[in-house]
Amino acid sequence: MSTSISAEEIEEIRESFEKVDVDGNGYICASELGSLFTEVGCSMPGYQLRELLQKLDKNKDSRISLEEFTAIFQDLKEDCLAKGFRKALNKKDGIVNIGGTSEISSAGTQHSISEQERFAFANYINSSLEKDPDCESRLPIDPNTGALFKSLSDGIILCKLINLSVPDTIDERTINKKKLTPFTTQENLNLVLNSASAIGCQVVNIGAQDLKEGKPHLVLGLLWQIIKIGLFADIELSRNEAIAALLEEGESLEELMKLSPEELLLRWANFHLKKVGMSINNFSGDIKDSKAYFHLLEQIAPDGTKEDAPRVEIDMTGVYEKDLTKRAECMLKQADLLDCRQFVTAADVVSGHSKLNMAFVAMLFNKHPALTKPENQEWNLQSETREERTFRNWMNSLGVSPYVHHIYGDLTDAMVILQLYERIKVPVDWDYRVNHPPYKALVAHLKKIENCNYAVELGTEKAGFSLVGIAGQDLYDGNETLTLALVWQLMRRYTLNVLEDLGDGGECAGDDLIISWVNKTLAEAGKSSSIKSFKDKSIGTSLPVLDLIDTIQPESVNYELVKTEDLSDEDKLDNAKYAISMARKIGAKVYALPEDLVEINQKMVMTVFACLMGRGMKRV
């Protein structure tokens, strides 16, 4: 991304790209771009459109990626087309304009929000948290007004949603729930943003003040990320072996595992629709007439063969209703029988709102997958390790593209790794050294290996990493040990850059410096804790971490909640959960998990203390 584009505009670019990309394939073709210019009253002759494509379409595939689209945005930024361009985008999917500035950018900008998303998310929160005693005074949220943004401004509901999507991410004991002040509200919002980042949400362009002020476009963007992570959590082969039923002829299990949750959802819907001679290619245009939904509901409805799932009869007469909105309403009444009438209204179905329809289908999958694991098949499916999940969430929180679903399969062309180099301030020659996707089939493996070789070269020659024994071929092959070795060094450098940014020379900030700072800080505060290394046994109790947190922000730790003597494994984990959430609450962007402290995972322990050091050095 060009530095001339503000953080807010980057978010606008991403949203705009998704709206223009009506088929959701990740690219904009010439016809989509041309029709958009026509719509805004700035019809572009074919030859001009071709010239624009030729200039920006670097890989000559007649398609424009998000990166290439950014260049178009820049060209239009100060052009008379810009206003019309945004106006056209805002006609789609019930978009309304809002004005405002952000802490990130002082320039007045205009953003677009979706009324449908506001309505859907408010209803989702109402139904999901209605029984939570901490949310009673805040619910229900009126979905027809802007009440959603005010209700989230103290962070409590957002904390609850994060735990709903990824249980136990936030220790409930660290949430400020009563007699909130501006300071305790700020703590809650710090906890929200740092915890959201830890589960893989991109929060680079969002600040606590944005949430407190209820900036609609930023709040909706964060909400969708949190909800989506929860909806997609079980749409993964290693967590649901019945998904193996979706294997197609000649397809290997490894190929199926590489599919994203979105692709698996589409595969699942077509698996059932195939039984009635139907198929769909997307969750936008292909579902507008509700016919596919009717048949999908009929196929997945419980047939009564299972004791805990009584038979549900789907009334198909609504499929013959001529009015599309009335037909969609009939369909949603049937979905309600399956307890799945969430996220979409009849208008959302008819308009083909892809995001909300995808959420609707994910809900159908999660509650009624109607899949049976193939018999006589034994697979040794390895679940994602804790370390792999931590690294994957870290990468996604930085906004890499494409989104990383499977850490090894999604890094084989090194595109994500190269983006990570930029995040740690190592320049990447995108124009002359990087092969951009999509790759031509016959040379795809060669192009990917060239990228991987370049990634290793940058590590050894520019970043100063220790990559002995690691070659580009290892990254391309998805060698687990060697791939993680590189990713770890990227994450370590990213963490140490926090110290560099504070003027403490990140390049020199090694383990010894951090340990020395930790012990000195603890001693000056009169704390009895200290550590000899990142393998110190005392770290397993989390007491040094909690003491350091209480030193950085005095009286923040409630020691009545901390267990200190004759600790069982359960006690240690309880302390660790409290420590990790407290670190995030005081503003440290910690990606480590409680288990990392209990097991004294040296690598992740180092990141915890480095992040706390960065937070501590900001004190005035």
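Going by the structure above, here's the rest.
Parameters at a glance
Residues numbered from 1 in each chain as written. Predicted model: local features only at pLDDT ≥ 70, side-chain atom pairs only at ≥ 80, totals over all residues. Heavy atoms only, no water. Phe/Tyr/Trp six-rings, centres within 6.5 Å; stacked < 30°, edge-to-face > 60°. Helix = DSSP H or I, 4+ residues; strand = E, 2+ residues; numbered from the N terminus. Buried < 20%, exposed > 50% of the residue type's maximum accessible area, 1.4 Å probe, protein only. Expected span 1.5 Å × (residues − 1). Salt bridge = Lys/Arg side-chain N within 4 Å of Asp/Glu carboxyl O. Core = buried A, V, L, I, M, F, W, Y, C linked by side-chain atoms within 4.5 Å. Contact = heavy atoms within 4.5 Å. Axes fitted to C-alpha atoms, helices over the stretch in contact; angles between N-to-C directions. Parallel < 35°, antiparallel > 145°, perpendicular 65-115°, else oblique. Nonpolar A, V, L, I, M, F, W, Y, C, P; charged D, E, K, R; others polar. Patch = residues over 30% accessible without salt bridge, like charges linked within 9 Å, V, L, I, M, F, W, Y side chains within 5 Å. Areas by Shrake-Rupley, 256 points an atom, 1.4 Å probe, with all protein chains shown as cover. Left-handed = near helix turned anticlockwise from the far one by under 90°. Disulfide = S-S within 2.5 Å. Arc of directions from axis to C-beta. Polar contact = N/O pair within 3.5 Å; in protein donor to acceptor, adjacent residues only side chain to side chain.

**Q** Run through the packing of aromatic side chains, naming residues and quoting values.
**A** Applying the stated rule across the entire model yields 7 aromatic pairs. Relative to Phe343, the ring of Tyr124 has its centre 5.0 Å away and its plane inclined at 25 degrees; by these criteria the two rings are stacked. A residue pair is termed long-range when its members are at least 10 positions apart, and Tyr124 in helix H6 (residues 115-129) and Phe343 in the loop between helix H15 (324-337) and helix H16 (346-351) qualify at 219 residues. Residue Tyr124 is classed as buried on the basis of its relative accessible area, which comes to 11%. For Phe343, a relative accessible area of 6% gives the class buried.

**Q** Before we move on, could you go through helix H27 (residues 602-616) and cite the residues and values that matter?
**A** Given 3.6 residues per helical turn, the α-helix brings residues three or four places apart onto the same face. The end-to-end C-alpha distance of H27, which contains 15 residues, comes to 21 Å, matching closely the 21 Å that a straight helix rising 1.5 Å per residue would cover. Within H27, 13 of the 15 residues are buried, leaving the element largely enclosed by the surrounding structure.

**Q** Can you lay out the pattern of salt bridges for me, pointing to particular residues and giving the numbers?
**A** Inspection of the entire model under this criterion finds 27 salt bridges. Residue Lys177 is joined to Asp134 by a salt bridge in which the shortest nitrogen-to-oxygen separation is 2.9 Å. In this pair, Lys177 is assigned in the loop between helix H8 (156-165) and helix H9 (182-198) and Asp134 in the loop between H6 and helix H7 (147-151), connecting sequence segments 43 residues apart. A residue is classified by how much of its surface remains accessible, and Lys177, at 27% relative accessible area, is partly exposed. A relative accessible area of 24% means that Asp134 is categorised as partly exposed.

**Q** Provide a residue-level description of the nonpolar core, including the pertinent values.
**A** Ranked by size, the top nonpolar core spans 92 residues in total, and within it Ile125, Leu148, Leu222, Leu265 and Trp268 carry the most contacts. Those residues in contact with Trp268 that lie beyond four places of it in its chain are Leu246, Leu296, Ile300, Val361, Leu364, Phe365, His368, Pro369 and Leu371. Counting 78 residues, the second-largest nonpolar core is a separate cluster that includes Leu398, Leu418, Ile515 and Leu597.

**Q** Residue-level account of the packing of H6 against H8, with values.
**A** Packing of H6 against H8 brings their axes to within 11 Å, and their N-to-C directions diverge by 75 degrees. Our classification of the angle between H6 and H8 gives roughly perpendicular. Where H6 abuts H8, its residues Tyr124, Ile125, Ser128 and Leu129 lie against Ile157, Lys160, Leu161 and Leu164. Taken together, the residues of the contact of H6 with H8 break down into 6 nonpolar, 1 polar and 1 charged.

**Q** Give a description of the environment of Met278 that names residues and reports values.
**A** Considering the arrangement of structural elements, one finds Met278 in the loop between helix H13 (261-273) and helix H14 (291-300). Along the chain, Met278 and His295 lie 17 residues apart, while their C-alpha atoms are 8.7 Å from each other. Residues within four places of Met278 in sequence aside, it is in contact with Leu273, Lys291, Ala292 and His295.

**Q** Describe the side chain of Gln489, naming the residues involved and giving the relevant values.
**A** Take Gln489: it is sitting in helix H22 (residues 480-501). Sequence-distant contacts of Gln489, that is, excluding residues within four places in its chain, are made with Phe465, Ser466 and Leu467.

**Q** For a nonpolar patch on the surface, give the residues involved together with the corresponding values.
**A** On the surface, Leu442, Val443 and Leu446 cluster together into a nonpolar patch covering about 300 Å² of accessible area. Its place among the elements puts Val443 in the loop between helix H19 (415-423) and helix H20 (444-461).

**Q** Residues and numbers for the packing of H6 against helix H11 (residues 216-232), please.
**A** Packing of H6 against H11 leaves a shortest axis separation of 11 Å and a crossing angle of 50 degrees. Regarding the angle of H6 to H11, the classification is oblique. Crossing angle aside, the handedness with which H6 passes H11 is left-handed. Contacts between H6 and H11 involve Glu117, Arg118, Phe121, Tyr124 and Ile125 on the former and, on the latter, Leu220, Leu223, Trp224 and Ile227.

**Q** Go over the state of the cysteines, please, and point to the residues and values.
**A** Considering all chains together, one arrives at 0 disulfides under this definition. With no disulfide of its own, Cys159 has Cys135 as its nearest cysteine by sulfur position, at a separation of 9.9 Å. Given a relative accessible area of 0%, Cys159 falls into the buried group.

**Q** Can you lay out H15 for me, pointing to particular residues and giving the numbers?
**A** With 14 residues, H15 extends 20 Å from end C-alpha to end C-alpha; this agrees with the ideal 20 Å at 1.5 Å per step. Taken residue by residue, H15 has Arg327, Ala328, Met331, Leu332, Gln334 and Ala335 as its buried positions. Mapping the buried residues of H15 onto a view down its axis gives an arc of 155 degrees, with all of them on the same face. Put simply, Asp323 is the residue that caps the front of H15, since its side-chain oxygen is 3.0 Å from the backbone nitrogen of Thr325. The first or second residue beyond H15 is Asp339, which carries a positive phi of 60 degrees.

**Q** Describe unusual backbone geometry, listing the residues and the values that go with them.
**A** Look at the link from Leu139 to Pro140: it is a cis peptide, with omega at 0 degrees. Relative to the assigned elements, Pro140 resides in the loop between H6 and H7. In this structure, the amide linkage connecting Pro437 to the following residue, Pro438, adopts the cis form with an omega of 0 degrees. Inspection of the secondary structure puts Pro438 in the loop between H19 and H20.

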